Amino acid sequence: MAENLVIVESPAKAKTIEKILGNDFLVKSSFGHIRDLEKKNFGIDIKNNYKPNYIVSEDKKKVVSELKKLAQEAKIIWIASDEDREGEAIAWHLAEVLKLDSSRTRRIVFHEITKNAILKAVENPRNINIDLVNAQQARRILDRLVGFELSPILWKKIKPSLSAGRVQSVAVRLLVEREREVRNFIPEVSFKTTGLFKVQDINKQEVELHAELNTKLVDEKLAEAFLKQCAEANFTIASIVTKPAKKTPTAPFTTSTLQQEAARKFGYSVSQTMIIAQKLYEAGKITYMRTDSVNLSDDAMKALEETITKQFGKNYYQRREFKTKIKGAQEAHEAIRPTDMNSETTSGTAQEKRVYELIWKRTLASQMTDASLEKTTITIASDKFEPKFLATGEVLLFDGFLKVYLESTDEENTDSENGILPRLKQGEKAFQQRINSIQKFANHPPRYTEASLVKKLEDLGIGRPSTYAPTISTILNREYAIKESRDGEKRKILLISLENNKIRHTEKLENFGVEKNKLFPTDVGSIVNDFLFEHFPDIMNYNFTAEVEKEFDEIAAGNMVWTKMIDKFYKPFHSTVELTLAASDRSTGERELGIDPNSGKPVFVKIGRYGPVAQIGKNDDEVKPTFASLLKSQSLETVKLEEVLELFRLPRTLGDFENKTVVAAVGRFGPYVRHDSKFISLKKGIDDPLTVTLDRAIELINEKRVADTNKVIKTYAEDADLSVLNGRYGPYISYKKNNYKIQKSYVPQELTYAQCIEIIKKQDGAEGPKKKKPAKSRK
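Residues numbered from 1 in each chain as written. Predicted model: local features only at pLDDT ≥ 70, side-chain atom pairs only at ≥ 80, totals over all residues. Heavy atoms only, no water.

Asker: So what exactly am I meant to see when it comes to the pairing of strand S1 (residues 4-8) here?
Answerer: Judged by how many residues are buried, S1 sits mostly within the fold: five of five residues are covered. In S1, alternate side chains face the same way, and those of Asn4, Val6 and Val8 on one face and Leu5 and Ile7 on the other are all buried. Of the pairings in the sheet, the one linking S1 to strand S2 (residues 25-29) comprises five bridges and is parallel in character. Looking at the pairing, isoleucine 7 lines up with lysine 28 of S2. With respect to chirality, the unit in which S1 leads through helix H1 (residues 11-21) into the neighbouring parallel S2 is right-handed. (Buried < 20%, exposed > 50% of the residue type's maximum accessible area, 1.4 Å probe, protein only. Helix = DSSP H or I, 4+ residues; strand = E, 2+ residues; numbered from the N terminus. Pairing = 2+ DSSP bridges. Right-handed = clockwise from strand over helix to strand, strands pointing away.)

Spelled out as structure tokens, the structure:
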């Protein structure tokens, strides 16, 4: 048995560290936290100064037992969990549960899993920092109190199975407020005017010059009048202004900027980016991926100077030190960077390579020189009116950091055409060839993507690097918001053109309102937001949430007692909870749309037990009201009476297939067709239950039959609960409602019963059974 036991929180991290430290060290994983707050009474003894009641869960008892035995046999126990507050709490829990002797226990931290960093950490161990532990406990307990006290109110006042959270609820508020901004937005209409001119360059060659009017025309009448003036006008090159310009590189990645850039460049979700980055970190390829610092270590700076000078030359290197602009950032950590700047790429999956190379380029570019440009503006003036036509262009004189990397932006529509302009002479005559004035509608405020929501939360000082991904995952999992792309709509726009001294009006069609991977609040999300905002304004206040983060920072610095911070918050909060439970009304978002022409009864929309519904009639009528589920594309706030009345045509009988009736309807989980007691979902964006035909329904029924047949790869006579199935992400083993991954070394069709059991036992022993979500069923 090794004399040195190293405990880390993940198997992948353990594997990498074991390779570095060698046979003198036994490295084991705790598989994350080994205990958690119990659920009874929130897991907090409120009367006893908020004492947390921790328990070791059943699935961790085997891990704890093994670690206890190994700790007793080892001379020194090294706890090497991550360096953030969560990692410090894991270390503390390990020391408490395993009852580690402090004289034999060492706490080590490192920002990267490299030989130098780990050996340096071993040479410089420290004690567990109880202030960091308390900061994490304070966050955990405050969030538990908020969630456990608010959620039952939502169950009673809105509908069952809802939840609330300190950061999650504020994030939903951002989405709801933005959605209402979009819905209430009235676009300004104007006319953008561009011209094509012919002019002689300095070599007396005739060239074309594209330019844009420096003002927008507010309506069709003014646009037409302006073009009439252009027809009679003489144009000249009034001025040519050339100025030097530069582009400066951005700082190395923090957690949020990596999430944003991976979303822009690759379309990755926030949680997807963090999973990839975690793997790269645990493999020793990048530094710690949860950070809000833009600092780089001296060693990293030296390595960057060597790499840049070697690859591009001294004139490409410029040492830079960045300062974060983010509220409450913890600058003690380091930015995300490769551990070896000589490695431009890495082994691993295609996704891991893409993210690694992105980090490498961004880090390298941060220490490179500015890009030098020359910007030119040519002004075309007229003898008939004051507005000027401007042509702008730029020339790249020295690429600098652009040789490696250019940051993407969230801008969706850009009309810039900064190309190279011809060399002209001031005073030269310009002859208009064509002038267009096209109708433009202002864009509504952009809806949030995952990445832009992270940026907004960070700008407001809400949350920390470790909380962004789980916050967004919770919002989506709870169905307070959905993430989807939406096709735009068509609208007519007017083009007024002047060519050959003739003015012509043309109608064109443009696509607008296209949304790609945006976050849309659901009706439930909006109603929960409004209820919480009315009754718990402090919890929903952006500044309050940011101030709480600062108090966590003060606890971590040892400047505040965590129990006092919790007490200051909890007592008034609990009083508001009791008042709200006793005095507030139910909130269903009910809205009366009008009268049903057939029955003469009022028509309502509201949130029902299973989601948004339409209702004809009142609950206290002698005849019970009738209900219909709203379509996923419909909203309580915007749906119209005529759209709702259409829903009561459902369910629709489409006809017979194989002597069984086919019906189209909408259920708890969306639109479907039913045939022979089987339910087949209609395809989103393609099929509509109000218009779907029998032929299309039969096509969907047959598709489902083929999919179901292909789903089962193999079954076993030895155990009816065991099967090998085809899933969304490939073949897997299904056993007693749990799923198990099949390694690439196996051929799924050839797996024997014994091999399946071996795979199940290994995965149950290593990580616990893969829990399978119960399949949704229609009733």
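Next comes the rest of the write-up.
Asker: It is not clear to me how helix H2 (residues 58-73) should be interpreted in this structure. Could you clarify?
Answerer: An α-helical turn contains 3.6 residues, so any two residues separated by three or four positions project in the same direction. For H2, spanning 16 residues, the distance from its first C-alpha to its last is 24 Å, which sits close to the expected 22 Å at 1.5 Å a residue. Among all positions of H2, only Lys60, Val63, Val64, Leu67, Leu70 and Ala71 are buried. The buried residues of H2 occupy an angular sector of 135° when the element is viewed end-on, so they sit on one face. Set apart from the buried face of H2 by more than 90 degrees, the exposed residues are Glu58, Lys62, Lys69 and Gln72. Where the residues of H2 are buried, they touch S1, S2, strand S7 (76-79) and helix H3 (85-97). (Expected span 1.5 Å × (residues − 1). Arc of directions from axis to C-beta. Contact = heavy atoms within 4.5 Å.)

Asker: Would you mind showing me how to read the environment of asparagine 659 here?
Answerer: Its place among the elements puts asparagine 659 in the loop between strand S23 (652-657) and strand S24 (660-667). Since its relative accessible area comes to 78%, asparagine 659 is described here as exposed.

Asker: Looking at this structure, I do not really get helix H11 (residues 350-366). What am I missing?
Answerer: The terminal C-alpha atoms of H11, which comprises 17 residues, lie 24 Å apart, in line with the 24 Å expected from a rise of 1.5 Å per residue. Restricting attention to buried positions, one finds in H11 the residues Glu352, Val355, Tyr356, Leu358, Ile359, Trp360, Arg362, Thr363, Leu364, Ala365 and Ser366. Buried residues belonging to H11 abut helix H8 (255-266), helix H9 (270-282) and helix H10 (298-312).

Asker: Can you walk me through the sheet that holds strand S25 (residues 670-675) in this structure?
Answerer: Paired through backbone hydrogen bonds, the strands of a sheet run either parallel or antiparallel to each other. Reading across from one edge, S23-S24-S25-S26 is the order of the four strands in this open sheet, with antiparallel pairing throughout. Of all strands in the sheet, those bounded by a partner on one side alone are S23 and strand S26 (678-681). Pairs of neighbouring strands in the sheet enclose a mean axial angle of 30°, with direction left out of account. Strand direction decides the pairing type here: S25 and S26, joined by four bridges, are antiparallel. Following the sheet pairing, valine 673 is matched in S26 by isoleucine 680. (Axes fitted to C-alpha atoms, helices over the stretch in contact; angles between N-to-C directions.)

Asker: Would you mind going over the sheet that holds S1 with me for this structure?
Answerer: Spatial strand order, S2-S1-S7-S8: four strands in an open sheet with parallel pairing. Unpaired on one side and paired on the other, S2 and strand S8 (105-107) mark the two borders of the sheet. Direction aside, the axes of adjacent strands within the sheet are offset by 25° on average. In the packing of H2 onto the sheet, the strands contacted are S1, S2 and S7, and the crossing angle to S2 comes to about 160°.

Asker: Before we go on, may I ask you to explain the packing of aromatic side chains in this structure?
Answerer: Geometry of an aromatic ring pair is reported as the spacing of the ring centres plus the angle between the planes. Per the counting criterion, the structure on display carries 19 aromatic pairs. Measuring from ring centre to ring centre gives 6.1 Å for phenylalanine 235 and phenylalanine 389, while their planes differ by 75°; the resulting arrangement is edge-to-face. On the criterion of sequence distance, the pair formed by phenylalanine 235 in strand S11 (residues 235-247) and phenylalanine 389 in strand S13 (residues 389-398) is long-range, its members being 154 residues apart. For phenylalanine 389, a relative accessible area of 0% puts it in the buried group. (Phe/Tyr/Trp six-rings, centres within 6.5 Å; stacked < 30°, edge-to-face > 60°.)

Asker: Help me understand the confidence of the model for the protein in this model?
Answerer: If pLDDT is low for a region, its predicted coordinates should not be looked at in detail. Considering every residue of the protein, the mean pLDDT works out to 91; 96% of them sit at 70 or more. Taken as a whole, residues 767-779 scores under 50 in pLDDT and shows 23 contacts with residues more than four places along the chain or in a different chain. (pLDDT = per-residue confidence, 0-100.)

Asker: How should the pairing of strand S19 (residues 591-595) be read in this particular structure?
Answerer: Judged from the four bridges that link them, S19 and strand S20 (residues 602-608) form a sheet pairing that is antiparallel. Following the sheet pairing, glutamate 592 is matched in S20 by phenylalanine 604.

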